[in-house]
Number of protein chains: 2
Amino acid sequence: MKTVSENTCFGGTQGVYSHDSTAAGTEMTFGLFLPEEAKDGPVPILWYLSGLTCTHENAMTKAGAQAWAAEQGIAICFPDTSPRGEGVANDEAYDLGQGAGFYVNATQNPWAPHFNMWDYVADELPALLGENFNIDMDRQGITGHSMGGHGALTLAMNLPGRYRSVSAFSPIANPTQSDWGRKQLSAYLGDDETSWAKHDASLLMADAGFDGPVLIDQGADDQFLDLLKPEALAQAMAAKRQDGIFRMQKGYDHSYFFVASFMEDHINFHAEALWA
Amino acid sequence: MKTVSENTCFGGTQGVYSHDSTAAGTEMTFGLFLPEEAKDGPVPILWYLSGLTCTHENAMTKAGAQAWAAEQGIAICFPDTSPRGEGVANDEAYDLGQGAGFYVNATQNPWAPHFNMWDYVADELPALLGENFNIDMDRQGITGHSMGGHGALTLAMNLPGRYRSVSAFSPIANPTQSDWGRKQLSAYLGDDETSWAKHDASLLMADAGFDGPVLIDQGADDQFLDLLKPEALAQAMAAKRQDGIFRMQKGYDHSYFFVASFMEDHINFHAEALWA
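Here is what the cut-offs are and how they apply
- Residues numbered from 1 in each chain as written.
- Chains lettered and ligands numbered in written order.
- Predicted model: local features only at pLDDT ≥ 70, side-chain atom pairs only at ≥ 80, totals over all residues.
- Heavy atoms only, no water.
- Helix = DSSP H or I, 4+ residues; strand = E, 2+ residues; numbered from the N terminus.
- Rg over C-alpha atoms; globule rule 2.2 N^0.38 Å.
- Buried < 20%, exposed > 50% of the residue type's maximum accessible area, 1.4 Å probe, protein only.
- Areas by Shrake-Rupley, 256 points an atom, 1.4 Å probe, with all protein chains shown as cover.
- Lys, Arg positive; Asp, Glu negative; His and termini not counted.
- Charge placed at Lys NZ, Arg CZ, Asp CG, Glu CD.
- Least-squares fit on C-alpha atoms with pLDDT ≥ 70 in both.
- Contact = heavy atoms within 4.5 Å.
- Buried area = accessible area lost by both parts, 1.4 Å probe.
- Salt bridge = Lys/Arg side-chain N within 4 Å of Asp/Glu carboxyl O.
- Polar contact = N/O pair within 3.5 Å; in protein donor to acceptor, adjacent residues only side chain to side chain.
- Nonpolar A, V, L, I, M, F, W, Y, C, P; charged D, E, K, R; others polar.
- 1 Å grid on protein atoms, 1.4 Å probe; cavity = no way out; pocket = protein on both sides within 12 Å on 5 of 7 lines; lining within 4 Å.
- Points joined across faces, edges and corners; volume = space filled by probe spheres on them.
- Axes fitted to C-alpha atoms, helices over the stretch in contact; angles between N-to-C directions.
- Parallel < 35°, antiparallel > 145°, perpendicular 65-115°, else oblique.
- Left-handed = near helix turned anticlockwise from the far one by under 90°.
- Pairing = 2+ DSSP bridges.
- Bend = angle between axes of the 7 residues up to and from the residue.
- Phe/Tyr/Trp six-rings, centres within 6.5 Å; stacked < 30°, edge-to-face > 60°.

Before going further, it helps to spend a moment on the overall build of chain A. Along its length, chain A carries nine helices and nine strands. Relative to the globule expectation of 19 Å for 276 residues, the C-alpha radius of gyration of chain A, 17 Å, shows essentially globular dimensions. With the C-alpha coordinates of chain A rotated into their principal frame, the extents come out at 50 × 45 × 35 Å. Out of the 276 residues belonging to chain A, those deemed buried represent 62%. When the accessible area of chain A is evaluated, it comes to approximately 10000 Å², of which 46% is carbon and sulfur surface. Of the charged side chains in chain A, 15 are positive and 36 negative; the average position of the first set lies 4 Å away from that of the second.

What follows deals with the relation of the copies chain B and chain A. Each copy of the sequence occupies a distinct position, and chain B is placed on chain A by a rotation of 180 degrees and an axial shift of 0.0 Å, giving an RMSD of 0.0 Å. Taken together, these values place the two copies in the relation of a two-fold axis. Both copies present the same face, since 100% of the interface residues in chain B are matched by interface residues at the equivalent positions in chain A.

This paragraph deals with the interface of chain B and chain A. Between chain B and chain A, the contact holds 21 residues from the first and 21 residues from the second. The junction of chain B with chain A conceals about 1700 Å² of combined surface from both sides, 61% of it contributed by carbon and sulfur atoms. Counting the surface chain B buries against chain A, the share from its top three residues, T8(B), F10(B) and F257(B), is 37%. One can count zero salt bridges joining chain B with chain A. If you look at where chain B meets chain A, you find 12 residue pairs in polar contact (both at pLDDT 80 or more). Mapped by element, the contributors of at least two residues to the side of chain B that touches chain A are β1 (2-9), α1 (57-62), α2 (65-72) and α9 (256-274) of chain B. Split into classes, the residues belonging to the side of chain B that touches chain A amount to nine nonpolar, nine polar and three charged.

Here the focus is the layout of surface pockets. Its volume calculated, the largest pocket comes out at about 940 Å³. Residue lining of the largest pocket: 49 residues in total, with T61(A), N58(B), K62(B), A63(B) and Y256(B) positioned closest to the centre. Contributions of two or more residues to the lining of the largest pocket are made by β1 (2-9), β2 (12-21), α1 (57-62), α2 (65-72) and α9 (256-274) of chain A together with α1, α2 and α9 of chain B. Across the lining of the largest pocket, the residue classes tally to 25 nonpolar, 20 polar and four charged. Here the second largest pocket defines a volume of roughly 260 Å³. In terms of lining, the second largest pocket is formed by 14 residues, of which the most central are L52(A), T53(A), H145(A), F224(A) and H254(A). Taken together, the residues that form the lining of the second largest pocket break down as six nonpolar, eight polar and no charged.

The subject of this paragraph is the packing of α2(A) against α9(A). To describe two helices that pack against each other, one gives the angle between their axes and the distance between the axes. Residues and elements named next belong to chain A. Axis separation between α2 and α9 bottoms out at 9 Å; the angle between their running directions is 30 degrees. In this view, α2 runs roughly parallel relative to α9, as classed from their interaxial angle. The handedness of the crossing between α2 and α9 is right-handed. Counted together, A65, W68, A69 and Q72 of α2 and M263, E264, I267, N268 and A271 of α9 form the full contact between these two elements.

Residue and element names in this part refer to chain B. Strand order in the open sheet formed by nine strands is β1-β2-β3-β5-β4-β6-β7-β8-β9, and the pairing between neighbours is mixed. The open sheet is flanked by β1 and β9 (244-249), the only strands paired with a single partner. Across this sheet, the average inter-strand angle for adjacent strands is 20 degrees, counted without regard to direction. In terms of strand pairing, strand β6 (residues 135-144) meets strand β7 (residues 165-169) through two bridges, oriented parallel. If you follow G141 over to β7, its bridge partner there is S165. α9 rests against β4 (43-49), β5 (75-79), β6, β7, β8 (214-219) and β9 of the sheet, and its axis sits at about 175 degrees to β7.

This part covers helix α3 (residues 117-132) of chain B. All names here are of chain B. A maximum bend of about 35 degrees is found in α3 at E124, where proline P126 lies one to four positions downstream. For α3, the set of buried residues is M117, W118, Y120, V121, A122, E124, L125, P126, L128 and L129. Where α3 is buried, its residues contact β2 (12-21), β3 (26-34), β4, β5, β6 and α4 (147-158).

All names here are of chain B. Where β1 lies against β2, seven bridges are found, and the strand directions are antiparallel. Residue C9 lies in a different strand from β2, and its bridge partner there is G12. Connecting β1 to the antiparallel partner β2 that follows it, the hairpin turn spans two residues, and F10 within it adopts a positive phi of roughly 50 degrees.

This next bit is on the packing of aromatic side chains. According to the stated counting rule, one finds 25 aromatic pairs over all chains in the structure shown. Residues W111(A) and Y188(A) carry aromatic rings whose centres are separated by 5.5 Å and whose planes lie at 90 degrees to one another, so their mutual orientation is edge-to-face. Of this pair, W111(A) sits in the loop between β5 (75-79) and α3 (117-132) while Y188(A) sits in helix α5 (residues 182-189); the two residues are 77 residues apart in sequence, bridging distant segments of the chain. Each of the two residues, W111(A) as well as Y188(A), counts as buried. Centroid distance Y48(B) to F78(B): 6.0 Å. Interplanar angle 50 degrees. Geometry classified as tilted. Here F78(B) lies in strand β5 and Y48(B) lies in strand β4, a separation of 30 residues in the sequence. A residue is classified by how much of its surface remains accessible, and Y48(B), at 2% relative accessible area, is buried. We classify F78(B) as buried; its relative accessible area is 2%.

In structure tokens:
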């Protein structure tokens, strides 16, 4: 593991690190905020998964998350959204290939050799962090924005017991029924739609739900509402009697100005579960 | 004036606007955060001047300022750091020309036709905001980072009565004695150093000081300490018995992770003066 940069931030450290990833078969970069408390002992961790076109850097610089994580004494990890670099397949579209891993393990070529973001986020990166940093891997929460909200929700519901809490900002909520989903799931997983179901938050919610609290924020003026399909998730949460809150936020769009506006709420929500 | 973008943010609006500037002789772009309270009546304003290489966008997206401005009910304006575009002089160096206006009115060619950032920030932009937005121009404070901290301090001390409070993050504190200063003041103002004095915060502090409270934050691990010369300003503040606080922050560097870490303190400091 290599240290790309470390900056003191809100009394803790905002680091950027790179490493040779087995899951991705290439070098991967991630951001990690450690609060001051990590100098003395293990701290809980919140995963923040980013959206289409993002890298590890977007949320790390634009979401204002460190202020609240420092206050709560929890770490935040910002993984990249896909493998990158020469030899890694790509597509000209912004929503497929590099920057658009969709948090799945690809089974189809040309994606299969590198696009294993599910394994990377669920297994490889947690193991790496547990070995190298003062993090309590028994206290994990997960959140994300847009494609990353999809990733957070699908990981959380597929891995019961792993995360104590899950939240999302404007998640891609029903990808099997959206152009943000059908195209990518078809490309990465093939045309057999039965393999898609475990990557659709609304289907997972209707099925098993999540064994902990859920918080969803969605901007009412989001320019991508037709692609995100929040109504499918809201319906499934209510029908499942899921312990959770779904908030439609008047006036807000899909930008990081929206994410930053509600970051304090999300981090406090996770902190309550993580410190319980 | 044209609206480039508007995003709902912490209950208010983060806007970006452009306009044909008389002072700059070209189109200029600025960011403006208006808190929710501006819908009902005029609100105080804090100016945030950015550093070398920055545009109106850096602090607007990376400083986390809106959270605290919303809480205090004050606007923040993020001007650009220089004129830009075709026909505007430039230099290959990052620290001269576009992105490096140094908040002066250039008297020397090729800079004189467009590089009048002093007039732009002190006069033209306040007048434009006063006409177009719900802002109380009797309640202004000013802050900035690095070159922008230099701008904030020199504007504040040269225009007594204009700003109720001034603060700075790692300002270029003594430019007449620094390579971040001598090169630019010489290029923009010519070699007669008497014309430089009103653009040196430490000299101004030693002379008249500021007629209100001052807050300075400086990272102790700033990679540019030799260029910033904070010791000159700290000495001048103490010698002048200036109402003010100078804080050397252990472990922090020159980045926006430093700025964000202390933004709450700065906005609360200004809010106290602005609402008094």
